[in-house]
Amino acid sequence: MKGVNRLISLCALVVLIWLSLLFGLFLVFRIVFESTVQWQESMSLPIAIVRLGLSGLIALFWLFLWKKVAEIYLWNNLKSRHSN
């Protein structure tokens, strides 16, 4: 039964990470790259740099989230192994 519980929690971890990845991609494509301002033509390079920076921040946040979730999963598995 423990093996099934571990498999379910691992599947939940993978689903959570993929959903967060899809949400991050949605944020990048819908909000960052499709947002326009009236003076965009005259300052296209600074706007491109800002968009790139925002996309990078979203990617770094996703990596941080993935790292934290994986660490929580790892430590919970190690604690449950040592408690037996």
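Residues numbered from 1 in each chain as written. Predicted model: local features only at pLDDT ≥ 70, side-chain atom pairs only at ≥ 80, totals over all residues. Heavy atoms only, no water.

Enquirer: I would appreciate a short explanation of the overall build of the protein in the present structure.
Expert: Tallying secondary structure elements over the protein gives 2 helices and 0 strands in all. A globule of 84 residues ought to have a C-alpha radius of gyration of about 12 Å, yet the protein, at 19 Å, is considerably larger. Judged by the C-alpha coordinates and their principal axes, the protein covers about 65 × 15 × 10 Å. Put simply, the protein has 84 residues, and 14% of those count as buried. For the protein, the proportion of contacts with a sequence separation of at least 24, taken over those separated by at least 6, is 67%. In the structure as shown, the protein presents an accessible area of about 6,900 Å², 76% of it carried by carbon and sulfur atoms. (Helix = DSSP H or I, 4+ residues; strand = E, 2+ residues; numbered from the N terminus. Rg over C-alpha atoms; globule rule 2.2 N^0.38 Å. Buried < 20%, exposed > 50% of the residue type's maximum accessible area, 1.4 Å probe, protein only. Contact = heavy atoms within 4.5 Å. Areas by Shrake-Rupley, 256 points an atom, 1.4 Å probe, with all protein chains shown as cover.)

Enquirer: Would you mind showing me how to read the side chain of serine 55 here?
Expert: Position of serine 55 among the secondary structure elements: in helix H2 (residues 44–82). Once residues lying within four places of it in the same chain are set aside, the contact partners of serine 55 are Val28, Val32 and Phe33.

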